[in-house]
Amino acid sequence: MKLPTPLRASHVWKLVGLAGAMGIAATGVLVARGERQRRAYSPDEIRSVLHERYTQAYAKQSEQEVLELEPAPNAVRRRIEKLFRRRN
């Protein structure tokens, strides 16, 4: 029966390098999955979530329970209206 030989320093460094490469690959997979999930939202969904978070944070800061915001006019609509006003 043959006993296992102890690992040499070169083998240890190879294992450490392999573990590092696997860690980098796993991190890349997680980043790609997160990016796919972020891109799955439409701009309107993101805008509504951001508005909701803002109202919650502002209400918490000003000690109000509910804060009503007026809808902001659409920037594209404003630009179009501005162009029509110039022509008239």
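The structure presented is a predicted model; accordingly, all values stated were derived computationally and were not measured.

## A look at the overall build of the protein chain
Across its full length, the protein chain carries three helices and zero strands. Along the protein chain, helices (α) and strands (β) appear in the sequence α-α-α when read from the amino end. Surface exposure of the protein chain reaches about 9100 Å², of which carbon and sulfur atoms provide 59%.

## Quick look at helix 2 (residues 43–61)
With 19 residues, helix 2 extends 27 Å between its outermost C-alpha atoms, agreeing within 8% with the 27 Å of an ideal straight helix rising 1.5 Å per residue. Count one or two residues on from helix 2 and you reach Glu-63, which has phi positive near 60°.

## Side note on the UniProt feature "transmembrane region" (unreviewed entry) in the protein chain
Summarizing the sequence annotation, UniProt attributes the feature "transmembrane region" (unreviewed entry) to residues 12–32 in the numbering used throughout. Helix makes up 100% of residues 12–32 and strand makes up 0%, while its end C-alpha atoms are separated by 30 Å.

## Quick word on the pattern of salt bridges
If the charged atoms of two oppositely charged side chains come close together, the side chains can form a pair. Taken as a whole, this structure holds three salt bridges when the rule is applied. With a closest N to O distance of 2.9 Å, Glu-35 and Arg-38 form a salt bridge. Linking Glu-35 with Arg-38, this pair stays in helix 1 (residues 9–39), spanning three residues, or about one helical turn. Assessed through its relative accessible area of 30%, Glu-35 is described here as partly exposed. Arg-47 is the salt-bridge partner of Asp-44, the closest N and O atoms lying 2.7 Å from each other. Of this pair, Asp-44 and Arg-47 both sit in helix 2, three residues apart, roughly one helical turn. It is possible to trace a salt-bridge network through shared partners that takes in Glu-35, Arg-38 and Arg-39.

## A look at the confidence of the model for the protein chain
Summing up the model confidence of the protein chain, the mean pLDDT is 81 and the portion of residues at 70 or higher is 83%. Per-element mean pLDDT across the protein chain ranges from 76 in helix 3 (residues 75–87) up to 90 in helix 1.

## A closer look at the packing of aromatic side chains
Throughout the structure, instances matching the rule amount to one aromatic pair. Aromatic side chains Tyr-54 and Tyr-58 sit 6.0 Å apart centroid to centroid with 25° between the ring planes, which places their arrangement in the stacked category. Of the two residues, Tyr-54 and Tyr-58 are both situated in helix 2; the distance of four residues between them amounts to about one turn of the helix. For Tyr-58, a relative accessible area of 36% gives the class partly exposed.

## Focus: a nonpolar patch on the surface
Judged by side-chain polarity, Leu-7, Val-12, Trp-13, Leu-15, Val-16, Leu-18 and Met-22 come together as a nonpolar surface patch covering roughly 760 Å² of accessible area. For Val-12, the location among the structural elements is in helix 1. Its relative accessible area of 37% is what places Val-12 among the partly exposed residues.

Conventions used here
- Each chain has its residues counted from 1, following the order in which its sequence is written.
- Restriction of local features to residues with pLDDT of at least 70 applies here, the model being predicted, together with a cutoff of 80 or more for giving and counting side-chain atom pairs; totals for whole chains, interfaces and linings are based on all residues.
- Only heavy atoms go into the side-chain values, all of them from the structure, while hydrogens and water stay out.
- Put simply, DSSP H or I for four residues or longer makes a helix, DSSP E for two residues or longer makes a strand, and each gets a number counted from the N terminus.
- In this description, accessible areas are obtained by the Shrake-Rupley approach with a 1.4 Å probe, and a residue is regarded as covered only by the protein chains that are shown.
- Between the first and last residue of a helix there are one fewer steps than residues, each counted as 1.5 Å, and that sum is the expected span.
- UniProt positions are given in the numbering used here, feature names are shortened, and annotations may be inferred rather than shown by experiment.
- Any Lys or Arg side-chain nitrogen found within 4 Å of a carboxyl oxygen on Asp or Glu counts as a salt bridge.
- Working definition: with a 1.4 Å probe on protein chains only, accessible area under 20% of the residue-type maximum means buried, over 50% means exposed, and in between means partly exposed.
- On a range of 0 to 100, pLDDT expresses the predictor's confidence in each residue.
- Here a pair means two rings of Phe, Tyr or Trp (six-membered ring of Trp) with centres within 6.5 Å. Their orientation is stacked below 30 degrees between planes, edge-to-face above 60, and tilted elsewhere.
- Only residues whose relative accessible area exceeds 30% and that form no salt bridge are eligible for patches; like-charged ones are grouped when within 9 Å, while nonpolar side chains (Val, Leu, Ile, Met, Phe, Trp, Tyr) are grouped when within 5 Å.

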